[in-house]
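Fold and contact review
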Amino acid sequence: MPFFPTSSVRLQPYFGYRNRTRLQLTARALRSKAHKFERRGRWQAMRTMLAQFASHEVAELAVELEIVSPAGVKTRHRTVTDGDGYARFDIPLTGDWPYDPRPEWETVTLHWLSGGDARSVDAHILSPGEDTTLGIVSDIDDTIIETGITGNFRAVLRNWRRVLMEMPEDRILVPGTDVFYSALGGGDVQGGESGHAGEHRHASSRPFFYVSSSPWNLFSYLVAYMRGRGIPLGPIMLRDWGLNRETFGSSSHGAHKTAAIVDILATYPELRFALIGDDSQGDLTAFADIAIAHGGRIPAIFIRKVGEAMSAEERAAKAAIEAANVPLWLGEGYTEIHAFLGSIGLLGDGEAARILSSVKGSGTAEVSVPVQAEPG
């Protein structure tokens, strides 16, 4: 039952991305109020989070996307929301759509009607940059945000209690994530919501993409968490959830992440992508399949160890990654990763020195590095 069944229709845009010939963006039409994630007591926190899941999706709403080409030509593209309220745009780009030298956020505008009144909201599209050769694809749960989930049903429920009772600023950052991600290509992040179609802002110095089995309802929550912790922003590939056994289990997690990563690789065939995940939801196995199927496209794999001893399937995946000559890092934290980054060419000397002086920790790691690793 929605908390605000009579509220005006608003659009929640998700981060989009483009290459030189294709632009992808998804938004969701909701009959609910937009909420700020503010620390105002436990019950207010629960009310705010429950509202993310109790919103009323609006089907068959006409939505127009306004984009501006690099030449300044404005065009509008129309679609209608589906039964779950999603407006999905997959637009072929005509004419010349080059990249700027470094990654940027390009602003587009969504238009719709609510109660007969014209409404609009800005959305942001990631363009990877002409000088970019390497992107980053990262998991979220237990990779950048602590959840404590290791496949146990009780642990899943405990994490949901955290989601419903804690604001983004209260959630625990995986130690060393901010410094590690900054070293990989962090920097400027997408700015506020006051832009307009055709406006550009700097993104991180390397493009970041995030894949997660969490539901789309948590998009704003995750963005607030990343902004508050200085994690580079990028398109976030979440998924639809139903309250069923498959949702709470891990059987489809790997398939969802694999499909999302394969789409990213297909969108940017000229780029290589480092993959970052953990061992709680089958990331090692999924990443091994991707590395083998896309030879030469994966210069490094990072797996944070949060579970118990590796399963037979994970041991086989580790062996397959090593046989494919892909550098692999397995560790409990990111605090001693500078040497590995330097050895595989993902850091310049200045960056390696900065990490060495900034990070002090005791995480243990297992590293597999080919004798001749190519630079990133």
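A word on the overall build of the protein. Check the secondary structure of the protein and you find 10 helices and 17 strands. Here the contacts in the protein between residues at least 6 apart in sequence split such that 75% fall between residues at least 24 apart. Accessible surface, the protein: about 16,500 Å² in total, of which carbon and sulfur atoms supply 51%.

Another point: the nonpolar core. Core analysis: the biggest nonpolar cluster contains 67 residues, and I301 and F302 have the highest contact counts within it. If we skip the residues at most four places from it in the chain, I301 touches L275, F287, A291, I321, V326, P327, L328 and W329. Core analysis: the second largest hydrophobic core is formed by 21 residues, A27, I91, L93 and I125 among them.

Moving on, we get to the environment of K318. With respect to the secondary-structure elements, K318 resides in helix 8 (residues 312-323). Separated by 34 residues in the primary sequence, K318 and L284 place their C-alpha atoms 7.2 Å from one another.

So, about the packing of aromatic side chains. Enumeration over the complete set of coordinates arrives at 12 aromatic pairs. Ring geometry for Y14 and F219: centres 4.9 Å apart, planes at 75 degrees, overall edge-to-face. Here Y14 is found in the loop between strand 1 (9-13) and strand 2 (16-18), whereas its partner F219 is found in helix 4 (residues 219-229), with 205 residues between them in sequence. Since its relative accessible area comes to 5%, F219 is described here as buried. With centroids separated by 6.4 Å and ring planes inclined at 45 degrees, the aromatic side chains of Y17 and Y268 adopt a geometry described as tilted. Separated by 251 residues along the polypeptide, Y17 in strand 2 and Y268 in the loop between helix 6 (253-267) and strand 14 (272-278) bring together distant segments of the chain. In terms of burial, Y17 and Y268 fall into one category: buried. In textbook terms, an aromatic cluster arises when at least three aromatic residues are bridged by ring pairs, as seen for Y14, F15, W105, W216 and F219. Positioned above the aromatic ring of Y86, the side-chain terminus of R88 is 4.5 Å from the ring centre.

Another point: the side chain of E106. Topologically, E106 is positioned in strand 8 (residues 104-114). Apart from residues lying up to four places away in sequence, E106 is in contact with R18, A123, H124, I125, S127, E199 and H200.

Interaxial distance between helix 7 (residues 283-293) and helix 8 falls to 9 Å at its minimum, and their mutual angle equals 30 degrees. It follows that helix 7 is roughly parallel to helix 8 by the angle criterion. The hand of the helix 7/helix 8 crossing is left-handed. Contacts between helix 7 and helix 8 involve L284, T285, A288 and I292 on the former and, on the latter, E313, E314, A317, K318, A320 and I321.

So, about the pairing of strand 15 (residues 301-304). Here strand 15 shows two buried faces, one formed by I301 and I303 and the other by F302 and R304. In terms of strand pairing, strand 14 meets strand 15 through 4 bridges, oriented parallel. When the sheet's bridge partners are listed, G277 is paired in strand 15 with I303. Each parallel crossover has a hand, and the one from strand 14 via helix 7 to strand 15 is right-handed. Both strand 15 and strand 16 (residues 328-331) contribute to a ladder of 4 bridges, which runs parallel. Bridged to F302 within strand 16 is W329. Tracing the backbone out of strand 15, into helix 8 and back to the parallel element strand 16 gives a crossover that is right-handed.

Looking now at the pattern of salt bridges. Counted under the stated rule, the structure contains 14 salt bridges. Across the salt bridge formed by R88 and D82, the nearest N and O atoms sit 3.7 Å from each other. Here R88 falls in the partly exposed class, since its relative accessible area comes to 44%. Here K257 ties to D139 by a salt bridge, and the two come within 3.1 Å at their closest N and O atoms. You can see K257 sitting in helix 6 and its partner D139 sitting in the loop between strand 10 (134-138) and helix 2 (153-165), a full 118 residues away along the chain. An identical accessibility class is assigned to K257 and D139; each is buried.

Here E60, not a glycine, exhibits a phi torsion of approximately 60 degrees, which is positive. By secondary structure assignment, the location of E60 is in the loop between strand 4 (56-57) and strand 5 (62-68). Its relative accessible area of 71% is what places E60 among the exposed residues. Phi at N325 is positive, roughly 65 degrees, even though this residue is not glycine. Mapping N325 onto the fold places it in the loop between helix 8 and strand 16.

Cut-offs and rules
- Residues numbered from 1 in each chain as written.
- Predicted model: local features only at pLDDT ≥ 70, side-chain atom pairs only at ≥ 80, totals over all residues.
- Heavy atoms only, no water.
- Helix = DSSP H or I, 4+ residues; strand = E, 2+ residues; numbered from the N terminus.
- Contact = heavy atoms within 4.5 Å.
- Areas by Shrake-Rupley, 256 points an atom, 1.4 Å probe, with all protein chains shown as cover.
- Core = buried A, V, L, I, M, F, W, Y, C linked by side-chain atoms within 4.5 Å.
- Buried < 20%, exposed > 50% of the residue type's maximum accessible area, 1.4 Å probe, protein only.
- Phe/Tyr/Trp six-rings, centres within 6.5 Å; stacked < 30°, edge-to-face > 60°.
- Lys NZ or Arg CZ within 6 Å of the ring centre and 35° of its normal.
- Axes fitted to C-alpha atoms, helices over the stretch in contact; angles between N-to-C directions.
- Parallel < 35°, antiparallel > 145°, perpendicular 65-115°, else oblique.
- Left-handed = near helix turned anticlockwise from the far one by under 90°.
- Pairing = 2+ DSSP bridges.
- Right-handed = clockwise from strand over helix to strand, strands pointing away.
- Salt bridge = Lys/Arg side-chain N within 4 Å of Asp/Glu carboxyl O.

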